[in-house]
Structure formats: structure tokens, C-alpha cells
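Spelled out, the chains give:
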Amino acid sequence: MNSVYDVQQLLKKYGVFVYLGKREYDIEMMEHELTGLFKHQLLDREIYARARSILKQELIKEQKKNSCL
């Protein structure tokens, strides 16, 4: 797992499709959904940590991009 797309594919395996229309919001919602799957023990710690790390990095990039506008 190396990208937001990979995280989206992971979520799709559990029937979770996220599209809110703004990338920043999408990333935040994906993180929320990941946490829910982890709390319900559907994801192991390693996969959860990797996916969450990817989302955090992308969220920071997106926030920097939006603040420059």
C-alpha cells in the first residue's frame, strides 16, 4: 500500500466508498472509516497504521496546497 488509491481499494473491500467532492474531506472521511474498521477488528494493526500514515501525509499536502490559494 503506497497511495490514497490503495487505501480506497482497501476500503472498497469492506463496502466503503467515499466521495464528498473535496479531496481534503474525502481523506478525512477515509481516515474515519479506517478507524472504525480497526476498532471493530476488521483490520490488523500493521495495515491500519500504514493506511493511516498515507492518509495523514496526503492530508498535510492537501492542506498546504489549499492554504496557498
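Structure shown above.
Residues numbered from 1 in each chain as written. Predicted model: local features only at pLDDT ≥ 70, side-chain atom pairs only at ≥ 80, totals over all residues. Heavy atoms only, no water.

## Considerations on the packing of helix H1 (residues 4-13) against helix H3 (residues 45-67)
At a closest axis distance of 9 Å, the pairing of H1 and H3 adopts a crossing angle of 135°. The orientation of H1 relative to H3 falls into the category oblique. Here H1 runs over H3; the crossing is left-handed. Contacts from Val-4, Val-7 and Leu-10 in H1 reach Ile-47, Ala-51, Ile-54, Leu-55 and Glu-58 in H3. (Axes fitted to C-alpha atoms, helices over the stretch in contact; angles between N-to-C directions. Helix = DSSP H or I, 4+ residues; strand = E, 2+ residues; numbered from the N terminus. Parallel < 35°, antiparallel > 145°, perpendicular 65-115°, else oblique. Left-handed = near helix turned anticlockwise from the far one by under 90°. Contact = heavy atoms within 4.5 Å.)

## Some words on the side chain of Asp-26
Mapped onto the elements, Asp-26 comes out in helix H2 (residues 23-39). Here Asp-26 sits buried without a salt bridge, and the closest side chain of opposite charge, Arg-23, lies 6.6 Å off (N-O distance). (Buried < 20%, exposed > 50% of the residue type's maximum accessible area, 1.4 Å probe, protein only. Lys, Arg positive; Asp, Glu negative; His and termini not counted. Salt bridge = Lys/Arg side-chain N within 4 Å of Asp/Glu carboxyl O.)

## A closer look at the nonpolar core
Grouped together as the largest cluster of nonpolar side chains are 16 residues, with contacts concentrated most on Val-7, Leu-11, Met-30, Leu-34 and Leu-55. Secondary structure elements with two or more residues in this core: H1, H2 and H3. Top element by residues in this core is H3. It accounts for five residues. Ignoring sequence-local partners within four residues, the contact set of Leu-11 consists of Val-16, Met-30, Glu-33, Leu-34 and Leu-37. (Core = buried A, V, L, I, M, F, W, Y, C linked by side-chain atoms within 4.5 Å.)

## Details of the packing of aromatic side chains
All told, the structure shown has one aromatic pair when counted by the stated rule. Ring centres 4.3 Å apart and planes at 5° place the aromatic pair Phe-38 and Tyr-48 in the stacked group. Residue Phe-38 is found in helix H2, and its partner Tyr-48 is found in helix H3; the two are separated by ten residues along the sequence. (Phe/Tyr/Trp six-rings, centres within 6.5 Å; stacked < 30°, edge-to-face > 60°.)

Shape descriptors only; they carry no functional weight alone.
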